[in-house]
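# Fold and geometry: a report
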Amino acid sequence: MALFDSIISEVASKFGLGDKAGPLVSALFSYIQGEGIGGFLDKFKTAGLGNLVSSWISTGANEPMTESQVDKVLGGDVLGSLASKAGVSSGIAKSAIAFMLPSLIDKLTPSGVLPTSLPSIGSLLTGGLGMLTGAAGAVTGAASDVAGAATGAVKGVAGAATGAAGAALGAGGKMASSAMDAAGDAASAGGSGLLKLLPLLLLALLAFLGYQYCNRPAETPAVVVATPTPMPKINSTLSMIYGENGRVKITGVVPDQATKDAILAEAKATYGDKFDADITVNANAQKAGWFASLKDIFKNFNIPGAELSFDGDALKVAGVAAAAALVDKFKGLFPSFNISSAFLNIADAAKEANAKAMAALASLTGSSSAADVVKALNLQIVNFASGKADLPKDNQDILKKAADTLKAMPAGTKIEVGGHTDNKGAAASNLKLSEGRAMAVQKFLVGLGVKADALTAKGYGPDKPVASNDTEAGRFSNRRIEFALSK
């Protein structure tokens, strides 16, 4: 499986799976193939993890996946089935799949585009084809040797051929007896007679060799004692998201129950009952420097919309712009840690995205397809005001640019304008709001001369997220207008 050689090697080394790493990668690939890569990745979007998928498909670093996310997307039954096929425990399978899945999807989408179909497992087994080629060569060589030996017998080694036939007769072969008599007669008649008896001589030789093979001494198999491979160590992790409703979500991987209990106790003392925790105990997790400062971590993590994640001795602070105040606090707590940050500025993000959309539309030509127009339109961010369906001015300029191309599309071209929201508020209200926003875009384009029957508007509310609604950045991604070709 040449495409996945590096993944198999890394999984085998990191999780001590040895020759079980290949079957686990193969089982996961077969499952993805059965679902279809598009259907498989839709499971992540449905689970609110579309941002993970985006990082794997696009260029740049792949965002890592956690074991709890594997559970959320695949479920216990699928994990159990994959583990059983590879001959490993469900726990190990879960850890290994979380580790390898980002790289696997990355390799399957090298150009940042989902393939229309995946290759079969058999077409990836290049090593197996090499073995078959080698075996064919060995058989050809063996046949050449036998033919050479028979030719030597014809050229004058009649006595040796007769002896072989006699030995086969001793083994009880009637066919070998006839060959021996005929060989004796042919020896008297000269070399030309042997040419006619070549098939019988070969049969006699094969009968003799078969007898020798069937009556060879039994071999005692060697006893190989496998040396257990120690499980590799992994980083302990702790991730926290402070919801705008004041509720904190806590996930992580720690080495023992005592550490898990300490985290839960500190969360209880700081946030009361306003937190949700999913902490996994893994004996291979290493103790990290942040364990001793749990109280300070929880005390300082108090900004709605903030995100915090520890991975060993690395720390990332993210979320709303106000979360930047946490960076200096945590630099003081962990001066030796590698601390990074990434904060959401909605206005800047929308401005940057819309500039890309405008440039993409400007690059279109008369031969551009409807799919090209849709792709360019989906680069923009339609930043509606909260609870409103009024089309922002920046997006009006983009749609004006797109209208001329849309009007030139072939007759029968259909494009859907889809409205989407995050999950804040009542579902019914969100559905109505998403419909209103989609219709606002449709109405604007029709007003610019695009045929009314070429556009349909549909609201989806919060039902098709592309990112987690647990973070402000995720909710911002989910509040969108999405264009799609329709039938």
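Below is a summary of the structure that appears in this document. Note that this is a predicted model, so its numbers are computed, not measured.

## A short note on the overall build of the chain
- Within the chain, the secondary structure is distributed over 20 helices and 11 strands.
- Counting all 487 residues of the chain, 39% fall into the buried class.

## Observations concerning the pairing of strand β10 (residues 455–459)
- Sheet analysis places strand β9 (residues 414–420) next to β10, joined by 5 bridges and oriented parallel. When the bridges of β10 are listed, V417 appears paired with A457.
- Note on the crossover from β9 through helix α19 (residues 427–447) to β10: the handedness is right-handed.

## A word on the packing of aromatic side chains
- If you walk through the whole model with that rule in mind, you get 13 aromatic pairs.
- With a centroid separation of 6.1 Å and 85° between ring planes, the pair formed by Y31 and F40 is classed as edge-to-face. F40 shares its class with Y31; the two are buried.
- Their ring planes at 70° and their centres at 5.5 Å tell us that F40 and F44 sit as a pair that is edge-to-face. With F40 and F44 both in helix α3 (residues 37–46), this residue pair falls 4 residues apart, about one helical turn.
- For F40, a relative accessible area of 0% translates into the label buried.
- Here the aromatic residues W290, F291, F310, F330, F334 and F337 are joined through ring pairs into a cluster of three or more.

## Here we look at α19
- In a regular helix each residue adds 1.5 Å, so 21 residues correspond to 30 Å; α19 covers 30 Å between its end C-alpha atoms and thus fits that length.
- Looking only at α19, the buried set comprises N430, S434, R437, A438, V441, Q442 and L445. The buried residues of α19 occupy an angular sector of 135° when projected down its axis, which confines them to one face. Exposed and oriented more than 90 degrees from the buried face of α19 are A428, K432, K443 and G447.
- The inward-facing, buried residues of α19 abut α18 (393–407), β9, β10 and β11 (480–486).
- Positive phi appears at G449, one or two residues downstream of α19, with a value of about 105°.

## Focus: the pattern of salt bridges
- Under the criterion given, the structure shown has 12 salt bridges.
- K268 is the partner of D273 in a salt bridge, and the nearest nitrogen-oxygen pair spans 2.3 Å.
- Of the residues examined, D273 reaches a relative accessible area of 56% and is grouped as exposed.
- K268 gets classed as partly exposed once you look at its relative accessible area, which sits at 44%.
- Measuring nitrogen to oxygen at the nearest pair gives 3.8 Å for the salt bridge that ties K356 to E352. Of the two residues, K356 and E352 both sit in helix α16 (residues 346–362), 4 residues apart, roughly one turn of that helix.

## A word on helix α13 (residues 257–271)
- Over its 15 residues, α13 extends 21 Å from the first C-alpha to the last, a length consistent with the 21 Å expected when each residue adds 1.5 Å.
- When α13 is considered as a whole, its buried residues turn out to be T259, I263, E266, A267 and Y271. All buried residues of α13 project into a common sector of 100° when viewed along the axis, lining one side. Away from the buried face of α13 by more than 90 degrees, exposed residues A258 and A269 are located.
- The secondary structure elements touched by the buried residues of α13 are β2 (237–242), β3 (248–254), β4 (275–281) and α14 (294–300).
- Sitting at the amino-terminal end of α13 is D256, which places a side-chain oxygen 3.4 Å from the backbone nitrogen of A258.

## Focus: the sheet that holds β10
- Strand order in this open sheet of 3 strands is β10-β9-β11, and the pairing throughout is mixed. The open sheet has two edge strands with one neighbour each: β10 and β11. On average, each strand axis in the sheet is inclined to that of its neighbour by 25°, with strand direction left out of account.
- Contacting β9 and β11, helix α17 (residues 370–377) runs over the sheet at an angle of about 170° to β11.
- α19 rests against β9, β10 and β11 of the sheet, and its axis sits at about 165° to β10.

The rules behind the values
Residues numbered from 1 in each chain as written. Predicted model: local features only at pLDDT ≥ 70, side-chain atom pairs only at ≥ 80, totals over all residues. Heavy atoms only, no water. Helix = DSSP H or I, 4+ residues; strand = E, 2+ residues; numbered from the N terminus. Buried < 20%, exposed > 50% of the residue type's maximum accessible area, 1.4 Å probe, protein only. Pairing = 2+ DSSP bridges. Right-handed = clockwise from strand over helix to strand, strands pointing away. Phe/Tyr/Trp six-rings, centres within 6.5 Å; stacked < 30°, edge-to-face > 60°. Expected span 1.5 Å × (residues − 1). Arc of directions from axis to C-beta. Contact = heavy atoms within 4.5 Å. Salt bridge = Lys/Arg side-chain N within 4 Å of Asp/Glu carboxyl O. Polar contact = N/O pair within 3.5 Å; in protein donor to acceptor, adjacent residues only side chain to side chain. Axes fitted to C-alpha atoms, helices over the stretch in contact; angles between N-to-C directions.

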